[in-house]
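Spelled out, the chains give:
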Amino acid sequence: MSPNLDIRILVITASVRPGRLGQMIAKWFIDTTVQLATQLAITYIEADLARLALPFHDESEHPSSGIYEHAYTREWAQLVDSADAFIIVTPEYNYAMPASLKNAMDCLSREWAYKPVGFVSYGNTSAGTRAVVMAKQVATTLRMMPIGAAVSLRINDEIETGTMRHNERRDQQAEGVIRESARLARILRPMRRPISTVTIDPPPRGLVLSVARQADAGEILSLQLCCWVAEAILNERLDIPALGESLDDVTRWLQDWTFWCLHDGGRLVGGVRVQLNATTWEIGRLMVAPDYAGAGIGRWLLRHAEQLAPSESAQISLTTGSRSTRNLQMYGRAGYLPDHDQPDPGAVRLAKPIQSIEQRR
C-alpha cells in the first residue's frame, strides 16, 4: 500500500487507577489485531493516561486557540495530532467514563477533529457501554467521528485471573473495529491538517499552523503570486521564480520542501518552506498576505522556521531581493549577513551560523 495511505492509530488506555485492567486489555487488542493492522498499513501508537499524568486542565488559554503554555500539554497535543484515528480502552465508573479520559479530551480541540474513534469498553453489568455513550457525546463535540464497530467486555465473562479468555467472536469484533477505523480515517484525511506543536512561540492569536498537503498547492500558488507582485515592482524585475511558477511547479516542490501554512479560518494568510541541503537549513517562500502585513506574522514565521532546523545543520540560509529594504532589515535584526556567494545580482543571499541546539530551541 502506498505510504501516503498509511494510518496511525492512537490506542488510549483511559483508566489511571492502581490495579486497573486497561493495560492488559489494550495489549490484548493490539496483539490480536496487529497482523491485520500490518496488512492495512496501520501503525499503532500507545498512550497510557496514567504514564502521561496530565494535570486537570490548567491552561490559561482555551484549547481552541492551540496555545499551550505547559510542556506536558504540548506533548499530548503532538501525540494526538500525529494520529489519524483513535481506539479508546475505557472502563465504566458510575455510569460514566473516567475523569482522566474526560480531562484528556478537554485539554485539546483541533487535534481531535475529523478523525474516527472506536471504543473497547469493559465493566460488569453493562460491559462499559454506558461509559461509551457518555464519551461519544464529548467526541462528537470535538468533531471526532465515532464508528459503529465496538468491543464490549463483561469482566466476569471475558477475564480470568488478569488474562483474557479465548473468544474467537470477540477477536473478530476487534478486527472489525480496526477495519472500520482505517476505512473512515482514509476517507476523512482531506478534511484534517496536522497542527504544529513544535514551535516554542504560539502562532499569532487566531491563526492556525499546519503542514501543507499536495491539495494546498493552488492556494499556495495564489498567495505567492499576490505577495511577489509587490517584490517584483520594488526590485524592478519580473524574473522572480515565485512569479513564474505554475501549479505543477508548486506541486513538484511540495514533494521536496516542507511548507508550513498559517490559516485564518479557511484562508491561507502566510507560509514558509524549509529544507535541509547538506548542512544548510534552507528557508524560502516566506510570505504574508498584503492585508496581514505589519502584524509580526513574517517575524513569527521566520522564528518558527529557524526552530525546526535539525541538529546536523551548520547554518541557516535564505534569499531576498536586493531592493527589499524591509526584508533586509528584518533579516539583519535576526542575525543574518550577506553570504560570500551571490550568484544573482538582483537578489541577496543571507546566512547565519548555528552555534548550538540550545540557541535555536
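Definitions and cut-offs
Residues numbered from 1 in each chain as written. Predicted model: local features only at pLDDT ≥ 70, side-chain atom pairs only at ≥ 80, totals over all residues. Heavy atoms only, no water. Pairing = 2+ DSSP bridges. Helix = DSSP H or I, 4+ residues; strand = E, 2+ residues; numbered from the N terminus. Contact = heavy atoms within 4.5 Å. Axes fitted to C-alpha atoms, helices over the stretch in contact; angles between N-to-C directions. Phe/Tyr/Trp six-rings, centres within 6.5 Å; stacked < 30°, edge-to-face > 60°. Lys NZ or Arg CZ within 6 Å of the ring centre and 35° of its normal. Salt bridge = Lys/Arg side-chain N within 4 Å of Asp/Glu carboxyl O. Buried < 20%, exposed > 50% of the residue type's maximum accessible area, 1.4 Å probe, protein only. Core = buried A, V, L, I, M, F, W, Y, C linked by side-chain atoms within 4.5 Å.

Trainee: Is there a simple way to explain the pairing of strand 10 (residues 267–277) in this structure?
Mentor: As paired strands, strand 9 (residues 258–264) and strand 10 are joined by seven bridges and run antiparallel to one another. Paired with His263 across the two strands is Leu268, which belongs to strand 10. Taking the residues that link successive antiparallel strands as the turn, the strand 9-strand 10 hairpin has two residues, and the phi of Gly265 there is positive, at about 65°. In terms of strand pairing, strand 10 meets strand 11 (residues 280–288) through seven bridges, oriented antiparallel. In the sheet register, Val274 faces strand 11, and the bridge partner there is Ile283. The loop that links strand 10 with its antiparallel partner strand 11 comprises two residues; one of these, Ala278, has a positive phi angle of about 60°.

Trainee: Help me understand the sheet that holds strand 13 (residues 337–338) in this model?
Mentor: Whether parallel or antiparallel, the strands of a sheet pair through hydrogen bonds between backbone atoms. Spatially, the seven strands line up as an open sheet ordered 8-9-10-11-12-14-13, and their pairing is mixed. Edge strands, defined here as strands with exactly one partner in the open sheet, are strand 8 (208–211) and strand 13. Strand contacts of helix 11 (residues 297–307): strand 8, strand 9, strand 10, strand 11, strand 12 (315–321) and strand 14 (347–353), with the helix running at about 160° to strand 11, the strand carrying the most contacts.

Trainee: Any chance you could explain the packing of aromatic side chains here in plain terms?
Mentor: Within a pair of aromatic rings, the relevant descriptors are the distance that separates the centres and the angle that separates the planes. Summed over all chains, the structure comprises five aromatic pairs. Among the aromatic side chains, those forming a connected cluster through ring pairs are Trp76, Phe86 and Trp112. In this arrangement the basic side chain of Arg130 is found over the ring face of Tyr95, its NZ or CZ atom lying 3.6 Å from the centre.

Trainee: Explain unusual backbone geometry to me, please; I cannot follow it from the model alone.
Mentor: Glycine aside, a negative phi is what most residues show, and trans is what most peptide bonds show. Although it is not a glycine, Ala127 adopts a positive phi angle of roughly 55°. Despite not being glycine, Arg285 shows a phi value in the positive range, around 50°. Along the chain, the position of Arg285 falls in strand 11.

Trainee: Is there a simple way to explain the pattern of salt bridges in this structure?
Mentor: Two side chains of opposite charge can pair, provided their charged atoms sit close to one another. If you walk through the whole model with that rule in mind, you get 18 salt bridges. Asp48 serves as the salt-bridge partner of Arg20, at 2.8 Å between the closest nitrogen and oxygen. Pair noted here: Arg20 is in the loop between strand 1 (7–13) and helix 1 (22–39) and Asp48 is in strand 2 (residues 42–48), with a separation of 28 residues, a long-range link. A residue is classified by how much of its surface remains accessible, and Arg20, at 16% relative accessible area, is buried. Assessed through its relative accessible area of 10%, Asp48 is described here as buried. For Arg165, the salt bridge goes to Glu160, with nearest N and O atoms at 3.2 Å.

Trainee: Would you mind showing me how to read the nonpolar core here?
Mentor: Ile220 and Ile283 are the most contacted members of the largest nonpolar core, which has 46 residues in total. Considering each element in turn, this core owes the most residues, seven residues, to helix 8 (residues 217–235). Core analysis: the second largest hydrophobic core is formed by 30 residues, Ile45, Ala83, Leu101 and Val117 among them.

It is worth stressing that arrangement in space is one thing and function is another; only the former is reported here.
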